[in-house]
Amino acid sequence: MQPNNNPKPSRPPRGDGKPKTQGGQRRGGGGNKPQNGQNKQGNQIVGSLTTSRGQAVRAQRRTQADAQRIANQFQPAEAARPRANVIDDTPHLKIIGLGGMDGGGSKNTMLIEYMNDAIIVDCGNDLGVDLPGINYGIADMAYLEQIQHKLRAYVITHGHLDHIGGLPHIVPRFPAPIYGSKFTIGRVEEIFENFGLPMPDGFELKTVMMNENTHERLKVGEFFVELVRITHSIPGSTCVVIDTPVGRIINTGDFRLDPNPLDHERSDIERLTELGNEGVLALLSESTTVERMGRTPSESTIEQSFIDIMQNAPGRIFVGLFSTNMNRVQMIINAAVHNNKKVAMDGRSMVSTLAMAVNHGFVRVPKGTFVPIASVPNMKDDEVVVVCTGSQGEPSSALQRMANGEHRHIKLKEQDTVILSSTPIPESGNDALIGQMVDGLARKHVHVFEHRNHELDGVGPLHVSGHASRDEYADMINMTKPKFFIPIYGAYRVKQRHIDIAIEQGIPRANTFNADNGQVLALTPDKMEMIGEVPHGTVLVDQTGAVVNNVVVKDRVLLSEEGLVAVVLTIDKKNGNLLTSPDIISRGFIYMRDQEELMNGLRQELKRAVQQRFKRVDLDRFKAELKDHVTHYLFEQTQRSPIVIPVVNIIGGGGSGGNGSQPKGEQKPGQPAPKQKTAEEIAAEQQKRFQEMRARLLTQDPRTD
């Protein structure tokens, strides 16, 4: 699952726009007026503003604090905390959640450390990050930089991106072999092959396929690692068993206890029970759906629903589901073959995963079943089923593009049927995206079957969760009989519910702990305690795979909420007068043609600023004062605080210098005197510079000028 847990903080109220009095006098009128172009602080431009400068500054600070608060939800470790607290280095087994211990469980990354050896279990990403230009987040591995000499392996529970999506970023920096089941290693190799950035020189991906069915144990440093088969919504899912010098720990990964999975690969409850009888020091159990009562239905309960819809639907059938749910894909292929229909696949991630699954024997496709997506428009409506991505309403997914009428090959029509074989991911905020997509489908008079409305539509269930319900979480505790219990991969409140289940199963409350990211749990055979905290946080990644600095994210949030205003002044160096009317550029702030009075007033303020201060202070101070004054003026007029970029272009002295510089140069002996430029030549150069500046403004870092 890929959750989202980043609600934006509510914005503070704007200033009331009323003049603020100081000592009974309104600013700019009456009382002791500042002299020589200075206010009471002696260094500011004087205008006819009624709102106090302090009020404007406070409003701007609130706006910047809002943006910083949003960006800080995904703050890197270095900015969040000191490098590390003092950690006890006595022979404890240390368990540290570098990711996955908050939200709905995302960027899942668990570190197991003992003396001079360490293993990372899972290394995922967070696709629920909702920030401008950000694709996903990964766990910040600042702590791993301190102990990278200890790292022996990455062990992966299963192949969902929230458990493997961080590997292409992190493994090249901290190399170690990656262990997993056959399908999981196939997924790992797939994401490395499809990763958008080149790997560092000399890096070689090393993977180790383990057989979860034979209970093989591999020695990794001081640890022994074993995988145990478990059912989930992706093939090859496993629990990770790590025998340490202190005792045995089990990480369940994501799981459900499906008694009748489609691939007949049932959870190995016999081995889990055996391990429990032998003794388990600590169980690290995922907590995603602890609040759901009962047991999760078997995957086999929904197969007949697809067969029935395919028999009765009048036109083409489109099925939206998760790209990694290969068991569900197999089910749809079986239902299509049963109804003499062909199958077309759409969605790059789904096609890539299916190719890997077929090559490794996890999906079986009768010869002649698949047809290219481009051939669908030329086929009879009752001959084809299209399986595609987009069940969560993802903006760029195949099904969303069909709903928007933007798909390259498919134009939906009234007789078509769409099946959404999923439910919104918990805590992701995807409900609205799905609703918008279904609205788009309904406008095309396409009939949409959703699992949540299957009774209303008179069809069977269309989806089952890949995660356990309360009774199954209790079963896992009873099978493994751990001495200590640590809920992982879930929101804090949900993990607390999981602890309640553990207590009901007889585990003392003192032997449980609801840990946050970065907290270090130290275990001995008889004791578990929190002994410190290590650096942790989130590294943000854009669409290209490149890391984005937190400061850049803050600026993007400010731009998206408040916009940008650039003012360009061209000043004669000799007399300090403006050569042209101030040039004002607004992006994302106001539409200037609708605000002529505001723009004219701003130009008058800029002219006053040049007259009062340009010749009295140095250039850097003038630009700083200009920025503050423009911010003050715009706040008074609009109650908003956009990013302000002042650009001062000085002309004169036999040449021109852009952006506040005026190189004079010295004439060397024997050289002819430089030719004086005419006013027309200067004007032409000036116009050229203006055009270049306008082209640069939106890409210029607002903190440099």
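In what follows, the structure referred to is the one given above.
Scoring rules and cut-offs
The numbering scheme is per chain: residues are counted from 1 as the chain's sequence reads. Per-residue local features of the predicted model are confined to residues with pLDDT of at least 70, and side-chain atom pairs are confined, for both listing and counting, to 80 or more; whole-chain, interface and lining totals are unaffected and use all residues. The basis for every side-chain value is the complete set of heavy atoms in the structure, and neither hydrogens nor water enter the calculation. Put simply, DSSP H or I for four residues or longer makes a helix, DSSP E for two residues or longer makes a strand, and each gets a number counted from the N terminus. Three exposure classes are used, based on accessible area relative to the maximum for each residue type with a 1.4 Å probe and protein chains only: buried under 20%, partly exposed in between, and exposed over 50%. Contacts were defined at the residue level, with two residues in contact if any of their heavy atoms lie within 4.5 Å. To measure how exposed things are, a 1.4 Å probe is used in the Shrake-Rupley method; for residues, cover is taken only from the protein chains shown. In this analysis, axes come from line fits to C-alpha atoms, helices being fitted only over the stretch in contact, and the angle between any two N-to-C directions falls in the range 0 to 180 degrees. Any angle between 65 and 115 degrees counts as roughly perpendicular, while under 35 counts as roughly parallel, over 145 as roughly antiparallel, and the rest as oblique. Put simply, a crossing is left-handed when the front helix is turned counterclockwise from the back one by less than a right angle, and right-handed when it is turned clockwise. Amino acids outside the nonpolar list (Ala, Val, Leu, Ile, Met, Phe, Trp, Tyr, Cys, Pro) and the charged list (Asp, Glu, Lys, Arg) are all regarded as polar, and Gly is one of them. Any two strands between which DSSP finds at least two bridges are classified as paired.

Chemist: What am I meant to see in the overall build of the chain here?
Modeler: For the chain, the helix and strand inventory stands at 18 helices and 29 strands. Burial analysis of the chain (705 residues in total) assigns 55% to the buried set. Long-range contacts, defined as pairs at least 24 residues apart, comprise 73% of the intrachain contacts of the chain with a sequence gap of at least 6. Total accessible area on the chain stands at roughly 30,700 Å², and carbon and sulfur atoms take up 48% of it.

Chemist: I would appreciate a short explanation of the packing of helix H8 (residues 303–312) against helix H9 (residues 326–338) in the present structure.
Modeler: Axes are the key here: two packed helices are described by the angle between their axes and the distance separating the axes. It is the contact of H8 with H9, at a shortest axis distance of 9 Å, that shows an interaxial angle of 40°. Looking at the two axes, H8 sits oblique to H9. The handedness of the crossing between H8 and H9 is right-handed. Facing Glu303, Phe306, Ile307, Met310 and Gln311 of H8, the residues of H9 in contact are Arg328, Met331, Ile332, Asn334, Ala335, Ala336 and His338. Along the lines of polarity and charge, the residues of the contact of H8 with H9 split into seven nonpolar, three polar and two charged.

Chemist: Help me understand the pairing of strand E23 (residues 527–533) in this model?
Modeler: The side chains of a regular strand alternate between both faces of the sheet. Direction of pairing for strand E22 (residues 519–524) relative to E23: antiparallel, over a ladder of six bridges. Directly across from Leu521, in E23, lies its bridge partner Met530. Linking E22 to E23, which pair antiparallel, is a turn of two residues.

Chemist: Any chance you could explain the side chain of Glu212 here in plain terms?
Modeler: Tracing the chain through its elements places Glu212 in the loop between strand E10 (207–209) and strand E11 (217–220). Setting aside its immediate chain neighbours within four residues, Glu212 contacts Ser181, Leu227, Val228, Arg229, Gly236 and Thr238.

Chemist: How should the sheet that holds strand E16 (residues 317–320) be read in this particular structure?
Modeler: Backbone-to-backbone hydrogen bonds join strands into a sheet, with any given pair of strands oriented parallel or antiparallel. Spatial ordering of the open sheet is given by E17-E18-E16-E19-E20, a layout of five strands whose pairing is parallel. On the outer flanks of this sheet lie strand E17 (342–346) and strand E20 (447–450), each paired with one strand and no other. If you compare each strand with its neighbour and ignore which way they point, the axes differ by 20° on average. As judged from the four bridges shared by E16 and strand E18 (residues 384–388), these two strands associate in the parallel manner.

Fair warning: the whole summary comes from geometry, so function is off the table for now.
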